[in-house]
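Secondary and tertiary structure notes
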Amino acid sequence: MYSQRDVSSCNTYNYGDALYWDTRYIQEGGSFDWYQRYSSLRPFVRHCFPLSSTLLMVGCGNAVMSEDMVRDGYEDIVNIDISSVAIDMMRRKYEYIPQLKYMQMDVRDMSYFPDESFDGVIDKGTLDSLMCGTDAPISASQMLAEVCRLLKPGGSYMLITYGDPTVRMPHLSKPVYNWKITLYNIPRPGFQKPETSTSARKSYLEPIPLTEKGSLPTDWVMEDPDSHFIYVCRKIIDTEIDNVPSYKLTTDVALNHW
Ligand SMILES: C[S@@+](CC[C@H](N)C(=O)[O-])C[C@H]1O[C@@H](n2cnc3c(N)ncnc32)[C@H](O)[C@@H]1O
């Protein structure tokens, strides 16, 4: 099954290419937050990560999110990006904020960090970018294996993405990661719910119950077709008794769509 908005989002630019990002950051400068600002994500972030958490922001770009998190009380956020242009800019911009560190690094190889270095990993749009590159499924596996390695038991990987469960769950639910996954969906900034909406959803903070196959429930209504999904993937502690399902890799995933 194809997710049309995913396919079209990948077509125009090579988001998986470091050169693309370097050029873009040189041309545009300034700052830009993809998908959502921290103010909308705050309830989820604060719920998942205590302020004392050691956090890794993968593919930070020139987003303001980490700065906003420090203003909210977070004390230790390591930010990495494949673009040396973005990292140089951000390091200069935030040299006066000791809670923020910036390092140029490829998420597919974070061997600089020892195992279980972080309480949390946050990814806003970076797995999505890799899914647009060449060898997307391999890149995704390399990245997710590294994220899993770096998480402490009980820690969480928070993925903010366009990708719905048909294209994301097959990657995230591999038994080797042993993640317990909770899914949320939030509308794009500024979205107005139509008055005619018949959706019974009370709050965006309510997790979406996934089916046994890791799909959205058949009666689930996506109010905003350009909404974003938040996958909270918690690394299960060995002593926890849990039955973590895994889902088959669908054709579209194998074919490089996100
Ligand atoms: C869609 S942007 C998101 C930026 C930022 N997280 C935000 O929310 O605004 C994707 C970012 O991932 C970075 N990126 C792409 N491939 C990467 C890789 N292999 N390793 C690290 N960063 C990567 C890009 O340089 C870019 O900054």
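The name recorded for the chain in an unreviewed UniProt entry is Methyltransferase type 11 domain-containing protein, from Lotus japonicus.

For the rest of this paragraph, the subject is the overall build of the chain. Each helix and strand counted, the chain has nine helices and seven strands in total. Buried positions account for 40% of the 258 residues belonging to the chain. Counted over contacts in the chain with a minimum sequence separation of 6, partners at least 24 positions apart contribute 79%.

What helix 3 (residues 38-48) keeps buried is the set Leu41, Phe44, Val45 and Cys48. Projected onto a plane normal to the axis of helix 3, the buried residues spread over an arc of 100° and lie on a single side. Opposite its buried face, helix 3 presents the exposed residues Ser39 and His47, each directed more than 90 degrees away. The elements touched by buried residues of helix 3 are helix 4 (65-71), strand 4 (118-124), strand 5 (151-161), strand 6 (179-186) and strand 7 (228-235).

So, about the sheet that holds strand 5. Across the sheet, seven strands lie side by side as 3-2-1-4-5-7-6; this open sheet has mixed pairing. The open sheet is flanked by strand 3 (100-104) and strand 6, the only strands paired with a single partner. With strand direction ignored, the average angle separating the axes of adjacent strands in the sheet is 20°. Of the strand pairs in this sheet, strand 1 (residues 54-58) and strand 4 are connected by four bridges, and their pairing is parallel. Bridge pairing in strand 4 places Leu56 opposite Val121. Across the sheet, helix 5 (residues 84-93) touches strand 2 (76-81) and strand 3, and the angle it forms with strand 3 is around 155°.

What follows deals with unusual backbone geometry. Even without a glycine there, the phi angle at Glu116 is positive, about 55°. Checked against the element boundaries, Glu116 lands in the loop between strand 3 and strand 4. Overall, Glu116 belongs to the partly exposed group, with 13 C-beta atoms counted inside 10 Å. Notably, Asn178 is not glycine yet its phi reads approximately 55°, a positive angle. By the element assignment, Asn178 lies in the loop between helix 8 (165-172) and strand 6. Here Asn178 falls in the partly exposed class, since 17 other C-beta atoms lie within 10 Å of it.

Analysis parameters
- Residues numbered from 1 in each chain as written.
- Predicted model: local features only at pLDDT ≥ 70, side-chain atom pairs only at ≥ 80, totals over all residues.
- Helix = DSSP H or I, 4+ residues; strand = E, 2+ residues; numbered from the N terminus.
- Buried ≥ 20, exposed ≤ 12 C-beta atoms within 10 Å, placed from the backbone.
- Contact = placed C-beta atoms within 7 Å.
- Arc of directions from axis to C-beta.
- Pairing = 2+ DSSP bridges.
- Axes fitted to C-alpha atoms, helices over the stretch in contact; angles between N-to-C directions.

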